[in-house]
Amino acid sequence: MLPDPSGPTLRALRGLVLATGLAFILLVPGWVQILGGRPGPFVRPWRMYSGVGRDLCEVRYEQRLPDGRSVAVDRLEVLGLGPNAPMFQRELVGVGAVRADARRLCQNLGPAADLRATVRCAGPQGWAPAIGPEEPLCKR
C-alpha cells in the first residue's frame, strides 16, 4: 500500500526536491559567471541578450556646406517625422537601411547637397565602423 500523500515524510521530500531545484536554478549562473566554473552537461554557458541589437546602426549625418563648414543634420526633422516617429522609422538596421535613408535625405536636402555620415553598426564582436565621413552619400 502507498504511503499517505499528505504525510509529513512525503511533504518533507517534496520540499527538499523543490529547495534543491531552486538552489540549482539560482546558484549555477553565479558559479559560472562569478566564480569561473566550467559549463557541463547540466550547466549551460549563459549570455544575456546575445542577439539583441545586432546590425543596429548608430548614424551621425552632416552636411558639408560650400564654404567648407559641416553642419549636423537631424534626419527625423529633415524627413518630417519628428521625435515621436515609430520605432521602425527611428532605428536603422543594417548598412542598406542607412544608404536608403541617406537617399531620402538627399532628395529632401536638394540636388546640390553634400551629405556625409559616420556610421557604426553592432555585430557579434561589438561596434564596427561601416561608413566614414569621407564618403559622399548624395550621388550627383
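Report follows, based on the coordinates. Position numbers for residues count from 1 along each chain, tracking the sequence in the order it is written. With pLDDT at 70 or above as the cut-off, local features in this predicted model cover only qualifying residues; side-chain atom pairs require 80 or more to be listed or tallied, and sums for whole chains, interfaces and linings still use all residues. Side-chain numbers come from the whole structure's heavy atoms, not from hydrogens or water.

**Side note on the state of the cysteines**
Applicable threshold: Working definition: a disulfide is two cysteine sulfur atoms within 2.5 Å of each other. Only DSSP runs of H or I covering at least 4 residues are called helices, and only runs of E covering at least 2 are called strands; the numbering of each starts at the N terminus. Only protein chains enter the area calculation, which uses a 1.4 Å probe; residues under 20% of their type maximum are buried, those over 50% are exposed, and those in between are partly exposed.
As enumerated under the stated definition, the model contains 2 disulfides in all. Here C106 is linked by a disulfide to C138, with a sulfur-sulfur distance of 1.8 Å. Here C106 and C138 share a disulfide; its torsion about the S-S bond, -95 degrees, makes the bridge left-handed. Taken together, the residues C106 in helix α4 (residues 95-109) and C138 in the segment after β5 (126-131) connect sequence positions 32 residues apart. Take C106: its relative accessible area is 11%, and that puts it in the buried class. With its bonded cysteines labelled in order along the sequence, the protein shows the pairing 1-3, 2-4.

**Overview of unusual backbone geometry**
One non-glycine residue, D55, adopts positive backbone phi at about 70 degrees. Residue D55 is classed as partly exposed on the basis of its relative accessible area of 43%.

**Remarks on the packing of aromatic side chains**
Under the convention used in this document: For Phe, Tyr and Trp, rings pair up if their centres lie within 6.5 Å, where Trp contributes its six-membered ring, and each pair is then called stacked (planes under 30 degrees apart), edge-to-face (over 60) or tilted (otherwise). The criterion is that NZ of a Lys, or CZ of an Arg, lies within 6 Å of the ring centre and within 35 degrees of the ring normal, and then a charge sits over that ring.
Inspection of every chain in the model, using the stated rule, returns 0 aromatic pairs. In this structure, R120 packs its charged tip against the face of W127, placed 4.5 Å from the ring centre.

**Some remarks on the environment of L81**
What counts here: What makes two residues a contact is simply this: any of their non-hydrogen atoms within 4.5 Å.
Looking at where L81 falls in the secondary structure, it is placed in the loop between α2 (75-78) and α3 (87-90). Under the relative-accessibility criterion, L81 is labelled partly exposed at 30%. Once the C-alpha coordinates of L81 and I131 are considered, the two residues, 50 residues apart in sequence, prove to be 24 Å apart. Those residues in contact with L81 that lie beyond four places of it in its chain are L76 and Q89.

**Some thoughts on the nonpolar core**
We count it as follows: Side-chain atoms within 4.5 Å are what join buried Ala, Val, Leu, Ile, Met, Phe, Trp, Tyr and Cys residues into a set we call a nonpolar core.
The biggest cluster of nonpolar side chains holds 16 residues, and the ones touching the most others in it are Y61, V98, L115, V119 and L137. Here L115 is in contact with Y61, E62, V73, A102, L105, C106, L109, E135, P136, L137 and C138, once residues within four sequence places are set aside.

**With respect to helix α1 (residues 8-33)**
Heads up, the condition is: Any helix carries an expected span of 1.5 Å times its number of residues minus one. To get the bend at a given residue, fit one axis to the seven residues ending there, fit another to the seven starting there, and take the angle between those axes.
Taking 1.5 Å as the rise per residue, α1 with 26 residues should run 38 Å; its terminal C-alpha atoms sit 38 Å apart, in good agreement. In the structure, α1 departs most strongly from a straight axis at L27, where the bend amounts to approximately 30 degrees and where the proline P29 lies between one and four residues downstream.

**Brief notes about the side chain of Q63**
Topologically, Q63 is positioned in strand β1 (residues 56-64). In this view, Q63 contacts R69, S70, V71, V73, L109, A113 and D114; residues no more than four positions away in its chain are not counted.

**What about the pairing of strand β4 (residues 115-123)?**
To be explicit about the condition: A strand pair is defined by DSSP finding two or more bridges across the two strands.
Direction of pairing for β1 relative to β4: antiparallel, over a ladder of 7 bridges. Directly across from R60, in β4, lies its bridge partner T118. Inspection of the sheet shows β4 paired to β5 by 5 bridges, in the antiparallel sense. Among the inter-strand pairings, G123 is bridged to a residue of β5, identified as G126.

**Regarding the pattern of salt bridges**
Let me state the cut-off plainly: The salt bridge definition used is simple: a Lys or Arg side-chain nitrogen within 4 Å of an Asp or Glu carboxyl oxygen.
One pass over the structure, following the stated rule, counts 8 salt bridges. A salt bridge links R69 to D67; its shortest N-O distance comes to 2.9 Å. Residue D67 is classed as exposed on the basis of its relative accessible area of 54%. Taken together, the salt bridges that share partners define one network made up of E58, R60 and R120.

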